[in-house]
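# A closer look at the structure
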Amino acid sequence: MVLLVWGIIGYRIISAVNPDEPQIKAKAFSANFNPKINTTTDSFSIQPVKRDPFLGTLATNKGKLKKRKNTVAATAKSDFVWPQIVYLGVVKDKHSKAENIYIISVEGNQTLLKKGKAFNEVTITKGNAKRLIVK
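Here's a quick rundown of the structure. (Residues numbered from 1 in each chain as written. Predicted model: local features only at pLDDT ≥ 70, side-chain atom pairs only at ≥ 80, totals over all residues. Heavy atoms only, no water.)

## Points about a nonpolar patch on the surface
The grouping of M1, V2, L4, V5, W6, I8, I9, I13 and V17 at the surface amounts to a nonpolar patch, some 990 Å² of accessible area in total. Tracing the chain through its elements places M1 in the segment before α1 (2-17). (Patch = residues over 30% accessible without salt bridge, like charges linked within 9 Å, V, L, I, M, F, W, Y side chains within 5 Å. Areas by Shrake-Rupley, 256 points an atom, 1.4 Å probe, with all protein chains shown as cover. Salt bridge = Lys/Arg side-chain N within 4 Å of Asp/Glu carboxyl O. Helix = DSSP H or I, 4+ residues; strand = E, 2+ residues; numbered from the N terminus.)

Written out as structure tokens, the structure is:
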């Protein structure tokens, strides 16, 4: 009787430590992806605004800008093409009153220039830390 009780206890301990793994059935699935192509087009039209969306009042002609006529002299046209100019920054000494040195790239060639100096027919006329005016 003692052997039978200890046998049952040992069997339960061993079966609890090493449980039987359940069988997993692999499902067959297709890896093909065929999205639906939406061929409908969305059309809309732009209508003029008759009511101010913030105030709820009717729009007036006061807020509209007057159209200016662009007049260009026939002799002002030129075939000049600007080179690609990139302003990269400024170098300056905080403690000195020396002139600023500007870093620019003209057609991919990087250079350091002071005000009034030229590189590849590009001359610096004015500049600060945020913008640069060239001629």
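Moving on from the coordinates now.
## Focus on the side chain of T123
If you trace the backbone, T123 turns up in strand β5 (residues 122-127). For T123, the contacting residues outside a window of four places in its chain are G116, K117, A118, I133, V134 and K135. (Contact = heavy atoms within 4.5 Å.)

## Things to note about the sheet that holds strand β1 (residues 85-91)
Strand order in the open sheet formed by three strands is β1-β2-β3, with antiparallel pairing between adjacent strands. In the strand order of this sheet, the two ends are held by β1 and β3 (109-113), each with one partner. Each strand of the sheet is rotated relative to its neighbour by a mean of 20 degrees, with strand direction disregarded. Bridge count for strand β2 (residues 101-106) against β3 is five bridges, and the pairing is antiparallel. Counted as the bridge partner of I104 is T111 from β3. (Pairing = 2+ DSSP bridges. Axes fitted to C-alpha atoms, helices over the stretch in contact; angles between N-to-C directions.)

## Observations regarding the sheet that holds strand β6 (residues 132-134)
Reading across the sheet, the three strands line up as β4-β5-β6 and stay open at both edges, with antiparallel pairing between neighbours. Since the sheet does not close on itself, it has two edges, and those belong to β4 (118-119) and β6, each with one partner. Bridge count for β5 against β6 is three bridges, and the pairing is antiparallel. Each residue of the ladder has a partner; that of I124, found in β6, is V134.

## Section: the pairing of β5
Pairing between β4 and β5: two bridges, direction antiparallel. For A118, the partnering residue across the bridge sits in β5 and is T123. Between β4 and β5, which pair antiparallel one after the other, the connecting turn spans two residues, and N120 there sits at a positive phi close to 50 degrees. Between β5 and the antiparallel strand that follows it, β6, lie four residues.

## Thoughts on the packing of aromatic side chains
Evaluated as defined, the whole model comprises one aromatic pair. Where Y87 meets Y102, the ring centres are 6.5 Å apart and the plane angle is 50 degrees; that geometry is what we call tilted. Taken as a pair, Y87 in strand β1 and Y102 in strand β2 lie far apart in primary sequence, 15 residues in all. (Phe/Tyr/Trp six-rings, centres within 6.5 Å; stacked < 30°, edge-to-face > 60°.)

## Brief notes about unusual backbone geometry
Residues other than glycine seldom take positive phi values, yet N120 does so here, at roughly 50 degrees. On the secondary structure map, N120 appears in the loop between β4 and β5. Here N120 falls in the partly exposed class, since its relative accessible area comes to 44%. Here the phi dihedral of E121 falls at roughly 65 degrees; this positive angle occurs in a residue that is not glycine. (Buried < 20%, exposed > 50% of the residue type's maximum accessible area, 1.4 Å probe, protein only.)

## Observations regarding the side chain of S105
As for its position among the elements, S105 is in strand β2. For S105, a relative accessible area of 11% translates into the label buried. Beyond its immediate sequence surroundings of up to four residues, S105 is in contact with Q84, I85, V86, L88 and Q110.

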